[in-house]
Every structure is written in C-alpha cells, then in structure tokens.
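# Results of the structural survey
Spelled out, the chains give:
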Amino acid sequence: MDEEDRGSPSDVASDSCGLLDVHLSTDEDIEDEGSDQKPAPPSDLKWLEELSEEDDGDGDLAAVADYGQKRSYAETARMFKLRRNLDQLDRFHRQKEHDVLKAREELKLCHQDIKSLVEQRDNLEKQIERQKAADNSVAVFRLRAQHKHLCQKLQSEEELEGHINTELNQLELELSEVEVEIGRHSSLRQELQEEEQVFRVLKAQKAATRFQQERHASQNLQLKMQHHRDKQAAMVKKEESECQRKIEERRASRKIAAKYLKETIKRMHQQEAEKEQQNRELLEKRIQAVNSLKSNIAATQESLRVRQSRARANAQKKEQQQRQLKESLQAQGINSIKHMYQQKQLEKIKRKQEEFEERQKSKKEAIVAKILQEEQLVKNRERHQAKLPKLSTTGKFPSLGRAREKLPYLCPTPPSATEERATILREFSDISSSSSASSDVEDPEETIHQEVDHQSLADSLAEPEFSGLWDQNYKKLLNEKTTSVQAEAKQEEPAMADGKLSMPAKKVHGKELKGSPFISKPEVVLFKDFEVGKVYKKKIVLTNISYTTNHCKLLGVSAQLKEFISVNFEPPGSLSAGMSCDMQTVFQPMINEDLEGEVQFASAVGPFCVPVRCTIKKCALEVDSQLIDFGSHVVGQTISRTITLTNKGALATLFSLETSTCLSPETSHVQMPSQVSANTCQETSSQNTTSHNKKSFASKGTGEIKPKQESQELSEASQHEKPVSEASATDPEAIPEACVSTDAGAQVDESPLDASDISLGNVREGEIGPFESIKLEVVFTPTIPGEANLDFHIKFTNLSSKPIPIQVRGIAVSIPVWVVQPSIDLRICMFDCLYQDTIMVQSRASTALKVTFEVCPEIRKHMEIVPKTGFIQAQSSFNAQLKFLPRHSLSKDVKKFFDNDTGVLEVPMTVQVAGQVQPVHFTVQAVVTSTDLQFDRTEVDFGYCSIYQSVKSSVCLTNLSLLPQDFGFLGVPEFIEVQPNDGFGTLLPQETLEIDLIFSANKTKEYNFQLRCKSGINRDFQLSCQAVGVCPPMELSHSVVQFGATAVGDHSTAILYLINHHNNRNQSKKPVTPVGKDTVAPVAPRLFSFTIPKESGISITPSAGRLFPGERCLVQVMFRPRLLEQEIKEEVLRLLQRAKLLREKEPEMNRHTEQEIPVEPSKGKKASVNPKNSNVSDDPKTDKLTESPNPADIQPGSEQYEEARASLLHSFPQRYSEYTIPCFISDGDSPEEDRQAQPAWSPFNTLYLKLQCPAIRPSLVVISNNGQNIIDFYQVAVGEKVIKRFTVQNISKESLDLRTSILDIHGPFSLLNALRCIRPGEKHTLILAFSPTLEKTYCETLGIQNQRMTLEVTLYGEGVVPAVTSSHPGGLLDFGYVLQKENTSQVLKLQNSSAVAVGFRVLLASLSPSRPQGGADRVAFLLGSYIDSQVQLTVGTQNYSGLSVFSVVPVEGSIAPGQSQDITVTFQPDHPSVNYSDKLTVEIMNKSKLCVMDLKGAASSHNMYLYGGDLLTVPIESLLPPLITSQTQLTESEVMEKPSIPMLVTLRASYSGGAITPALRELQVGCIHSTQPSKKSGEFYWDNVASLQQQGFSVEPSKGTVEAGHKCTIRVTWAPQSGYKPYEVVQTCAPLTVKGDERNVYRVTLMAWVSTTAD
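Residues numbered from 1 in each chain as written. Predicted model: local features only at pLDDT ≥ 70, side-chain atom pairs only at ≥ 80, totals over all residues. Heavy atoms only, no water.

### Regarding the overall build of the protein
Helix and strand counts for the protein stand at 23 helices and 79 strands. When contacts within the protein are restricted to residue pairs at least 6 apart in sequence, long-range pairs at least 24 apart make up 72% of them. Working note: accessible area of the protein is about 98800 Å², and carbon and sulfur atoms make up 51% of it. (Helix = DSSP H or I, 4+ residues; strand = E, 2+ residues; numbered from the N terminus. Contact = heavy atoms within 4.5 Å. Areas by Shrake-Rupley, 256 points an atom, 1.4 Å probe, with all protein chains shown as cover.)

As structure tokens, this is what we get:
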C-alpha cells in the first residue's frame, strides 16, 4: 500500500497590522447603490444576470420565493457579496486563532528554555563554589566565563519572553475584536442562509425544467435515428439477397471459365518451353564466347608477361653496360656522368629526328592518298551524273517515278546520314554482342563505312581539306535537281491522298477537263471477306471520259500490294472518247490483314489510278433493342422477354453476358483477376497489334521485347491447338479471342450477373456464327416491392467488336397488408426492467381486414402484444403495443431463441390476415444483460496505519452489464477518501475501474466499517474494510517531496525535518496488538534509518542516526538522475548491432554500384572486374566488431561505453519516477550495558517518505575527457602550474548563458578563460589551472550554470614537494689549470626521488643580466682563502672572444620520477689567466635553489705552471689583449733571454711561550695534460739553494720531474737563525726554473718574519 501525506503544509501568514480589514455590505449600502445606478455585473457573475433573465420568462420559479416577487439581480449580487464577506471574516477569525495559538506555543517554549537556563546557572554556581573550595583557579575562571555567557543568554530569553507576551496580548485583543464583529453580524448570517436556501430551490427547479426539455428532445432524436436505422437495415437485407443470387450464378460460370483457362495455361507452358530452349542455346553460345575470350585473355597476359620479362632483362643488361662504361670512364679519368648525359642527349636528338622524318613521310603519303581519292571520286561523280536521266519539264509523272526509284537520296524527306549511321551502329553492336566468340573483331566504324558506301554516295565521300570550284558546281546542280523533284512531289501528293485522282483542270480543244480522264467500273476494286490461301479475280472496265482521243498505260500497283495483287492488262492503244477497255485483277492473300492500295495508270492527259481495297472476315453484331421495360407487376409473378442478337459479318465469335459493374461501356476487352491469364491476354493482344504495325513493342504483362516473327510463330502454334472453326483456324487473332473468352468466363465467376429481381435466361454465353441470330431471354420475378433495374453487357471475344449495353427496367407492387417495421430492435435491455415499442401494420386494400398477432408460446412469460386481434381499415394503419419484461429465467424458457453466451434474443412473430394466405412475418430482437457491479475482493485490510500518514489500497470495480452504469459511494466515513472523482462516476460496458481507497487514521484504535456503493438503478453493493491506527514516536515534517525537473548530471535538494515529539507529558502507546493490551513505551532516545533503493539516484543525509525526545533532525534529500550501467551496456550492444547491419549492407551496395557502372565495349575489349574488390576485407578488427560482446565484458570508461553513454544523453527522454522511502524507527535505545547491540525495531513505527522525481535530458554535456565530469590533475609539484582543458556542448534547442560558481580564491584551482553564450550545437572549452602551494590533496567542485541546469565538475589534485638531490654538495668547483683554447669538463648528477616529474634550470652568473659590475668582491675572494672568506664568488675574467668561459649542458629540462640527469660543466679559456671564476646555480621549478657552486679555473700558455704564492696584481683583467711591440726593435740577446716571472712568498713564524714555531708554505708545480703532440712531462729545479739555507730557508724538493696531468708540492720552511732581531724581515730571492714545452724562470721572493700576535 502507498503512503501519502495527509496534512496540508500551507501556513497562512498573519496580518501584520492587526486591524480588521473586512467590510460587510448592509441593506442600506445596497439600497444606496441601487438608487443611483444599477451596477454592471462583474465578469465572474455574468451567469447570475442570465439566470435572472431566464427567471423573467418562467412564472413557476417566481412563485417559489417567500416574498412572492421575482428576485432582482441586485438582490442576488447582494447575497453573493454578503457570503463572500462573511467567508472572509471567518477566514480572518481562523487566522487570528492560529496566530494566538502559535504565540502561546512560542511563549511555552520560551518558558521551558528559561527554566532550563536557570537550572544550568544554578548548577554552574554550585560548581564555582566547589572549585573555589578546591582552590582551582583555572576551573573557576572557566566556569565564570560560562556563567557570564549563560546569564547573557538568560537575559536575552527573558527579553524575548516579554516581547512574546506583548505580541500575545495584542493578538488576543485582535481576536476578541474579530469575535465581537462576528457576533454583531450573526443575524445577517442567518438571513443570508435563508436567501441561499431559496436560491438553491430556484436553481433546482430551473434545472429540472431544462432536464425535461432536453429529455423530450433526445427522445425525438432517438425516434428519428431508429427510423433511419430501420430503413438502412432493410436496404442491407435487400443487398444481401441480391448478392447471394449473384454468387450462385458466379459458381455456375466458374466451370466454363476453367475450360478456357486450362487451354490457355497449356499454350503458355508450350511457349515457355520454346523460350527456355532458345535461351539455353543463346546461353551456350555466350558461354563459348566467354571461354574463347578467357583463353585469348590468358594468351595475351602470357605474351605480356614474356614481353615484360624481356624488357626487364634488357633493362638490366643496359644498366650493367652503363655501369661498366661508367667504371671504364672513371678508370680513364673521364667524367662519366657528363659523358653519359651527353650520350643520352645525342640519342634523344637522333630519336626525335627519326620520328620527325617518319611523320613527314606519313603525311606525304596521306596527302598523295587524298589526292588520288579525290581524283577517283571526281571520276565516279562524273560517271554517275552521266547515267542520270534528264528531268522532264513537261510535267509527265512516269519520268518522275523512275527518277525517284533511281535516286533514292533525292527524296523530299531522306533519312539523315547521322540517323542511318546510328541505326547501323546499333544493329552492328547487337550482332557483335551475340557473336563475340572471336578475339580479333573488326572495328565497328570500318564495318559501318563498308555498309553505308552503297547507300549514299555523297555522304561516303571523304571531304578534302580545301574545296574546289567543281565541288561548288556539283552542289548547286544537286540542289536545283532536288528542288524540282520536291516541287513535283508536293503537287502529286494531294492528288493521290484519298486514292482518287485529283487532277488540276486542263483545257482540251477549248473545253475544261476536271478529274480523271478514265473512270473504272467498279470504281473501287473490293475483295471482301477473303481467306488466306485462296485466289480471287475481278474484272475492271476502264472508260475514256475525256474530250479527246486518249490512251492508258499500266504503271503498276502500290508497294504494299505488289506481293498479293497481279494485274492482267493489254494496252488497247488509242481510245476515242467514250470507248472502254477491260483488265483482270488477281488477288492471292497470304496474310490475314486489311489491305489498301491502288493500280496506277498513265494517260496522255495525265496519270490516274484505280483504288483497291481488301478486307478480311469481320464480325458485325447488333441487337434489335437495347432497352427492355417490363412495366408494373405484382410480387410473385414471372414475366419473360427476349432480344435478338444478330451477326451480319462473316466471322464467328463467342459472346457472354456480364453486368455493367464488371465492364464499362468504353472498355474494349476484359481483364481476368488471375494474373497468369491477364498477362497472357495482354501479351497475345500486344503481339497481334504488332503484326498489324510491323514494329517491335514492349509487352505490359511481361516487360519483354518481342519481334514480329515471334508473334506470328505464336499465332500459328495457337491455331493448331484450338480448332474453333475454319475461319478462326486460319485467323491469327484466334489467340486473343481465346484469351478474351477465358477472361469472360472468369469475369462471370467474379461478378454477379443478376440485379434485384431481374435475371437472365439459360443462354448466357455461346458462339454466334456468320450471318446468324440468337434469341436471349430476360426473366422478371418480383419478390420485393419497388423498382428493379439491371444493366448488363453482351461481350464478345473479338477485339474489334465493342460490348453492347442492355438496360432492363421493372416495377414490383407488394401485397395489400404489411408491417412497416419488419424487424423491431429493442436494443440492450436489462433484467427485470419493462420495455415497450409500437408495431405498425399498414394496408393498401380498399376494404377493412382482420389481423391477429401470434406470439411463440416459449416467450409469452416475458413478452406480449396488446391487443392480440384488431381490424385495419382500408388505406390506413393499425398500431399494437409490444411489452417486454425479461426475467432471469429467460435463458431456461427460451433456449431456442436466446444465446446465453452473447445475450442475444431474436424471436420471430407472425401477423395473420383474414383472406390472405401468406402471413406477414416480423422479428423482435434484443440484447439482454445483467445489472451487476462486482468488486475484485470482498474485504480490504489496511493493516497498521500511522495517524500522521495516509494509506492507499486499490480495488477494482467491474461493470458486468452491456450498458453504462452510474455508481457512487454514499455515507463514506470522514477518515476514508474514495478516488477518483470522490467515488462517483460512470462505468462503460464491461469496464473495470481501479478505485483508490485512502485511509487516514485520526485515532489509535481499531477500525471496522462498510463501504456502500450504489448503482444508477438503486442497487447496493457492500465492501468490508478494517484497519488499525497507530501513533509512531517520530514524525516527518513533509511526507511528500516533489522535485523539479532535474537534468541528468544535475541535482536537486530538498530539506525536511525528522521530529521526535515523544516526551513525558505526551506518552505514545504502542499499536493495538491482537491480544488487545496497551503497553506504555518508555521515554528514551530513538534510532532511525532510511532505506534507499539501489540505482535510484537518491541520497539522504543523514541516512541513520539517534534522536532524543523533543529534538528534531535536519534531513537533506538529494536527487541526482544518472544513466544506469545496464542501460549503457544495452545501448552498446544496440550500436554494435547497427554497425554490423551496415557492414552487411555495404557489399550489396557495392555490387549495385558496380552493376550500375556501364562497360564500354570499345574495340572488342571488355573491362575486367576484379572479384577481390567485392569481397569484405578480412580485417581482424572488423571480425571482432561483428561478434556481439558479453555485457559483462564491457568495461566502464572504454570507447564503446562512452560512445553509448553520449548517445543516451543526446536522446534521453523525459522520465518520471516515484520512490517510497521507508524510515524505520526503533522501539528504544540500545541497552546501556552493550551499546553495540541493536535495539528492537517495530514495523508499526515505520514512516514513509514519497519522492516524485522527474528527470529530463541535459542541456549541457561534457564531450571531452571521455564524457567524465571528474578532472584529475594527479600529482603536481608544489609551485608548478598544470593546465587542463575540457569541452562542453550545448545539446538543447536554445542558447545557453554559461556562468560558473566561485572557486576558492586562496585555493590552487583557477579558471583561466571567460565563459560566453553558446548556441544550440556549439561547443566551449574551459581552461583550468592547478598550482598547489602545500603538500596535500585538494578537491573542489566547479559548477557550470545556465538557465536550465547546473553541470558540476569535480576537480582533484595533489601537491607534492619535489625531492631532488645533487651529487655535488655545493661550494667550490675548481677545474685547475688548462691550456689556453682547450677545455675540460666535469659532470654534475641530479637525482629525482619524488613521484612527479621535476623541472630544473641551471643559471650562470656570467650570463645573468643583473650580475654585479664592481670588482671589490672579487679582490676579497682572490686575496684570501675561499674557506675563510665570507664574500660570495662573482664573475671573474672572461674570454676575449665574447664566449662564456664556463658552459652548461643542458641548461634546463625535466627529470622523470625515479630518474637522474647529468649536467656537464665545461671550462674553455682562450687566453692565459688565473682569475677565471663564475657562479653556477641549480634551480628547480618552484624557484628553490638546489645547489650553488663557485666555478674557478686557470689557463696557461705552457704545459708547466707554478702557483701558490701571494698575489702581486689586481685580479680584474681588461678584455683587450696586451699590446704586442714590434719585433724589429729587440736584439738577438733579448729575444733569447725571456724575462723571469716574479712570485712572492711570505712566511710568518709564530712566537709563543718562549718558543718559535717555524713558518711553512707550499708551492704547487704542475704539468698540464694536453692532446697536442708535445712533451708529455716537465721538470723544475731551484737555483742558489745554499744562499737560502744561510738565511734559514729550506726548500724540499729542490728539483724534480712532473708527469703530465700531475702536480708536485714544494714545501718552503723558515726558521730564524741565531742572531735574528725581533721584528726584522728576512728577504731573499731565488730563481725557480720550470722546463716543459718551454723554459720559464720564476723569480721567487721569500719574505719571513716572526709574529708574536695570536692568529
């Protein structure tokens, strides 16, 4: 059972001003208004004015009023206005009561809050005292803060209490004012009720009067419709009887049609066998031709293959020769490429020259051939013109005829050469297509030229390149001759148009001669009704009627008569006027066709002719009368008339009679309903028509082209099969006649031959011979009064004979007494209800007659006729009353006339007329049905029902009657509701209506009641109901939630409250148990749980929880429609199936396309079709797609899955769903000893939440990212920015204005581009960036909003701190000494141990645009040791070339997770210096410095170097190279002796505690490893070592050797000698010689002293 919300959530807002804004109109106000002007009725009370106008004309309504006068419009308007104001006052009173109750509830809640706050304050004061006693100052301060906050809250609650009290007093005052106002108008209310009662009575009487009028009108309309239906039933019965007679006659004619049909089928089978044999022979010829063509193609392919292999061999040989030539030329020292190119050019020029010579030779030959051909043509033309006779200018016609015969190309309308050429080409193509067996077929053009040469000489001549004078003369002469011949032919044509001479008037001996000079007797030679094979002769007498002596000469007969007519004529010589001569014409027919022509003569006056006409045997059919009128006859008589059919022709034919409905007068032949016979008939008739016209035709039946010869063979075969008569045996039209006769027989079977009471005699078809007559009989037997008509045709098998229409008329007069309505239909009747009808008997007799009504004994209990006997007067009518009262025993009493299954009753009745043998019969018909209404169950149990909810149960009410029945549920209790239409309605016959019973319990008790359904005929039907009312401990603020139309991908949210109103003063009882004991439920917290259906898109938060008594919980219900996974998988299967069908249709479409491509049969070659093209490609991917996958194998996120999902979104229909969510409530809380244990759950406490969820198609969808609304940036290093794009599309039919929700401004996600309005079908790409600042996971929701929906996109990303280490810890990176213009490298390795790719960048201070320009920091760095110096390293000396001394590869890049990157630092100086330095910084992508290194290096021009002493120069060098003085100014000794290099070494000994610590310094001598082929090692030695020792200096070693790439350390120590004076500086100089690739001398100055200060 469904749960529904019974409460109405509408809350009427209270009036803020508190004043009574209700005005009640009094009698004085209305009188004042009426005295001035009668007000116009408002738009919603116009019907009152109409009612008052209708009341003016009805006196009965006026008498009902108490005050005895008519009600005016003002009084009625006053009544309604008063009722409206009183209702408004009542609503205002209810509103004020509601406001007072609401204020009291608020005051009550405020008192409870104040009470609880006071208790909490007292408890806090006690706790403060206890903590003071315990000397816990921290707790005291905390409790005092709580106490202060609580006091403030208590003070605000007290202020609120005062405010509520004031408001409550104001509301109570307003309520009392409203009640006083209501009491003041109590008398007015009573008066209004009385007026309303009078108005209702007045309205009911008017409605009753209207109902009577409408009822009377409907009865009249039903009588008219009944009369019309009776008339239609009579006509239908009459047509059925006529149809039955025609069907019987059709059966008889079917036997005749079968005979002719068998013969036709036999003939068709024979023709098909012959045709099949011809097709088989033609197919064999074509097969042979195809086989020979295949063999020729194979031979050609083989020869081509051999030629290609030879060509390849020659090409290879030629290439080998060229290769050998090239090698030989290269061996001789000649440029082979140039030589070969020259050879090719020479060959090419030679080839072109030969081709040019050949073309010149061929052109010369062509010119010579043309000249010879033109000379030959000129000779032929001259010879041909010499043979032409001279055209006579005397106007004699015989010469004209001979000229026409000898010059066919000079005819007035010669066929053009182009048409003849096209005709011959078509014939040749037909011949070549049938006989294409030979492979060497000649060119069709040459064959055509050979065939046309003898037809038209002028057309066959080759046209020269230039025209000569002889050509112009020939054309001029030819045009003159053609013009003269055409003029004479035009004069001759009108004269011989009708076969008569029409000579122009001529004068002979001064008299004018008109017409032919000779007359023939007979004037027309007529051979009538000839037969093929016989010989006919006629004698003709020619008489000279001219005014002079004349002679005649036989020229011949017409072309179409030459083969059949011969003339025996001896020229009589000269004949005087009036003399005659005779001749004999012999006619021997060989074809069965009409022939016309003439015998042509020539005379001295002019030509004349004698017409000749030959006609075959034909039918000439006619009847003596085409209209038969029987006149008037009484029903029962039989009258017959005859007509005579006469054949005045010499040809016999078959005839048949058919009605006009089957054959119209304009139709010349009949088509069989059988398709086989129709096709045969059309084919045969078309063939005979073709034999007449001697042309090929297209048959409509079969669509094949048949020549004349085939039709003649078919007619000859049919003549042997069907021996009808001698004439028909020799007649080629025997086949169409047989066909038509067969059609006639079939048509007789198909259509009725008789109409009404007129029928044809026994002779309905047969054969009528030549010059015969046949009597045809027509019979009129009237059975039904009225006029009878029959139109039929006499149809003949001869196609030249048109059908003859015959019209038959007759009038039938009925018997004297009859029943006007022979079938009385009482329609549908119910049991135990009385029905009556009138039986009207009509008489046309001249005397009174006695009539007696007889009723069957079986029906007398249920039906009677009153009176049973009566007298009907002359020329009048008699009415009797029929009464029908069906009882339930009708099925047993009248088994013969009553069908118990259908309820149809049909009883025959008889009216006996005195003096009339034939009684009058009529029938009473009725359909009897029951009046029962049936419920599908007898008892309805609503079960346990909450008092806060409604329970719905459905029952089905069925109308078992065949008539509509009204029903209504009366006396329904207030706690139940019957729907639809409040339990009232109408049930159609056999209709079942589902009725909803909505039970709303108002108390916790048991309910047992009866529902009474009353039908329209006052029958009662009972339905028992029972229910149990319960009160659950919790309540939902709303039981029905109606979500708005929500698009797929969007969501809708509703908020409601779950209230636990169970407290101490309102203890709920458990529902009544079957035992009937009431148990009081304890006051305790309750657990609740919502059960959500799966795949519904519904989410409830919280779905479960614990609620204390008196508390309420906010519940959020969210509806998020989505596509089900099963629907998407079904769509995948559907798309795959559709793709499979398309692939299956592709080969068929390809085959159709290939068949439509025309094959050009040029030069006997046929285009070969590769059968591989028509096959389906064997792609393994295609084979996989054709197999339908298992739905379980379709993975979400796959391409097919996303394609199906997008297809469903674009075609998503509107979907409406309803869900009923149960909320289960426990009987109590979990036990205290075990909180994990579940409490008892009672089904009686269950609440139900009904959700109405409409889902619509989304207007905006995501088309990128596989349609997913989740954008995952994955792991991104902190400080790095990653950009992603996703695209949305508008799939709605209207433009959308896009806007987004606000992202966290301090968050890592940001939208980089703006949104715009997109039209239907457009797309828009959004650009999102993710830049994390902390190492954590981020998640935000971006809402793309438009006027129809909000598309939510979830953004995920994780910030990761990059973990990159360097192989060098930082600090100094010394490259040592390097030879100038050489380089050395060191590798720095970066290791990425994080989970994301990390970008890096290497920076050099020398390449930085913001490097320091001063050199103070450099001095500080170079003067002191690097370890002790606190000054940062800057850029030192740079190269003279401008290139950086230090270079790094790569400068920037990215390190994949878990990978490493090598960075190579190269030192490459271009001049000697020891001050090369730079700073290298490695930064990662968040601009944090990974390591900072100081680069240092020195360069020397020699491989040996010395360093370690004190600085003597400034470390900053100029970029300009040192000046080089002229070598010519130096002497030879100066060149040989190089200056020494100074070096200072300071030594400081320390004195402490009376002891002196010697000073120690170290010098480094090194040898640079170089790639140059020079000395690999070096040596050094000190000079004057003894003098150094005298002053206390010692050097170890004093000399040594240094290998390349190594260094040697020289230790210099100083200890003061005896006699050393304090603060004395000991200084000496010693040379140090270094030998390498060059010899260098360092002048080392040693300075030593003793220092007493501590370092």
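### Considerations on a negative patch on the surface
Taken together, Glu119, Asp122, Glu125 and Glu129 make up a surface patch of like negative charges. Inspection of the secondary structure puts Asp122 in helix H4 (residues 73-133). (Patch = residues over 30% accessible without salt bridge, like charges linked within 9 Å, V, L, I, M, F, W, Y side chains within 5 Å. Salt bridge = Lys/Arg side-chain N within 4 Å of Asp/Glu carboxyl O. Lys, Arg positive; Asp, Glu negative; His and termini not counted. Charge placed at Lys NZ, Arg CZ, Asp CG, Glu CD.)

### Let's talk about the packing of aromatic side chains
Across all of its chains, the model carries 31 aromatic pairs by this definition. For the ring pair Phe935 and Phe969, a centre distance of 6.2 Å and an interplane angle of 50° mean the geometry is tilted. Taken together, the residues Phe935 in strand S32 (residues 933-935) and Phe969 in strand S35 (residues 965-970) connect sequence positions 34 residues apart. The burial state of Phe935 is the same as that of Phe969; both residues are buried. Judged by centre distance (6.4 Å) and plane angle (90°), the ring pair of Phe967 and Phe969 falls under edge-to-face. In this structure, Phe967 and Phe969 share a single accessibility class: buried. Grouped by ring-pair contacts, the aromatic residues Phe942, Phe975, Phe999, Tyr1007 and Phe1009 constitute a single cluster. Over the ring of Tyr1057 we find Arg1112; its NZ or CZ atom is 4.2 Å from the centre of that ring. (Phe/Tyr/Trp six-rings, centres within 6.5 Å; stacked < 30°, edge-to-face > 60°. Buried < 20%, exposed > 50% of the residue type's maximum accessible area, 1.4 Å probe, protein only. Lys NZ or Arg CZ within 6 Å of the ring centre and 35° of its normal.)

### Focus: the pattern of salt bridges
All told, the structure shown has 34 salt bridges when counted by the stated rule. Its salt-bridge partner being Glu1125, residue Lys1129 comes within 3.4 Å of it at the nearest N-O pair. You can see Lys1129 and its partner Glu1125 sitting in helix H18 (residues 1125-1156), four residues apart, about one turn around the helix. With relative accessibility at 12%, the residue Lys1129 sits in the buried group. Taking relative accessible area as the criterion, Glu1125 reaches 35% and is therefore assigned partly exposed.

### Considering the confidence of the model for the protein
Averaged over all residues, the pLDDT of the protein is 76; the fraction at 70 or higher stands at 74%. Low confidence marks residues 1157-1186, where pLDDT is under 50. Its contacts with residues over four positions away, or in another chain, come to 15 contacts. (pLDDT = per-residue confidence, 0-100.)

### Some points on the packing of H4 against helix H6 (residues 186-332)
Two elements in contact, H4 and H6, have axes whose closest approach is 10 Å; the angle formed by their N-to-C orientations is 130°. Compared by their axis directions, H4 and H6 come out oblique. Relative to H6, H4 is oriented so that their crossing is left-handed. Counted together, Thr76, Arg78, Met79, Phe80, Leu82, Arg83, Leu86 and Asp90 of H4 and Leu188, Arg189, Glu191, Leu192, Gln193, Glu195, Glu196 and Phe199 of H6 form the full contact between these two elements. Considered class by class, the residues forming the contact of H4 with H6 number seven nonpolar, two polar and seven charged. (Axes fitted to C-alpha atoms, helices over the stretch in contact; angles between N-to-C directions. Parallel < 35°, antiparallel > 145°, perpendicular 65-115°, else oblique. Left-handed = near helix turned anticlockwise from the far one by under 90°. Nonpolar A, V, L, I, M, F, W, Y, C, P; charged D, E, K, R; others polar.)

### Observations concerning a positive patch on the surface
Taken together, Lys318, Lys344, Lys348, Arg351 and Lys352 make up a surface patch of like positive charges. With respect to the helices, strands and loops of the structure, Arg351 is situated in helix H7 (residues 336-387).

### Description of the sheet that holds strand S4 (residues 518-521)
The strand order across the open sheet built from four strands is S4-S6-S9-S8, with neighbouring strands paired in antiparallel fashion. Whereas interior strands pair on both sides, the edge strands pair on one side only; in this sheet they are S4 and strand S8 (565-568). Put simply, the sheet's adjacent strands are angled 30° from each other on average, direction ignored. As paired elements, S4 and strand S6 (residues 536-544) share four bridges and run antiparallel to each other. Along S6, the bridge assignment pairs Ile519 with Thr543. (Pairing = 2+ DSSP bridges.)

### Brief notes about H4
Spanning 61 residues, H4 covers 90 Å between terminal C-alpha atoms, matching the ideal 90 Å at 1.5 Å per step. Of the residues flanking the end of H4, it is Asp135, one or two places downstream, whose phi is positive at about 55°. (Expected span 1.5 Å × (residues − 1).)

### Details of the environment of Ser1039
Within the secondary structure, Ser1039 sits in the loop between strand S41 (1034-1036) and strand S42 (1040-1042). C-alpha of Ser1039 to C-alpha of Thr1220: the two residues are 181 residues apart in sequence and 9.7 Å apart in space. At a separation of 3.1 Å, a polar atom in the side chain of Ser1039 contacts the side chain of Gln949. (Polar contact = N/O pair within 3.5 Å; in protein donor to acceptor, adjacent residues only side chain to side chain.)

### Thoughts on the packing of H4 against helix H5 (residues 137-184)
Running from amino to carboxyl end, H4 crosses H5 at an angle of 160°, the nearest separation of the two axes being 7 Å. Relative to H5, the element H4 lies roughly antiparallel. Here H4 and H5 pass one another in a crossing that is left-handed. The residue inventory of the contact of H4 with H5, partitioned by class, reads 24 nonpolar, eight polar and 19 charged.

### Some details on unusual backbone geometry
Excluding glycine, a negative phi dihedral is what most residues carry, and trans is how most peptide bonds are arranged. Cis geometry marks the peptide bond from Lys521 to Pro522; its omega dihedral reads 0°. Relative to the helices and strands, Pro522 is located in the loop between S4 and strand S5 (525-530). For the bond from Val866 to Pro867, the omega torsion is -10°, close enough to zero to count as cis. Secondary-structure assignment places Pro867 in the loop between strand S27 (863-866) and strand S28 (869-872).

### Section: the nonpolar core
Counting 39 residues, the largest nonpolar core has Phe1043, Leu1058, Phe1090, Ile1098, Val1117, Leu1249 and Leu1251 as the members making the most contacts within it. Ranked by the residues each element gives to this core, the list is headed by strand S50 (residues 1247-1256), at five residues. Leave out the neighbours within four places in its chain, and Phe1090 touches Leu1036, Ile1100, Pro1102, Ser1103, Val1115, Ile1221, Pro1222 and Cys1223. (Core = buried A, V, L, I, M, F, W, Y, C linked by side-chain atoms within 4.5 Å.)

### What about the sheet that holds strand S53 (residues 1282-1290)?
Reading across from one edge, S51-S53-S58-S56 is the order of the four strands in this open sheet, with antiparallel pairing throughout. Looking at strand neighbours, the two that pair on one side only are strand S51 (1260-1262) and strand S56 (1309-1311), the edges of this open sheet. Looking at each pair of strands side by side, their axes are set apart by 30° on average, direction ignored. In this structure, S56 lies alongside strand S58 (residues 1323-1330), joined through three bridges in antiparallel fashion. Along S58, the bridge assignment pairs Ser1310 with Ala1329.

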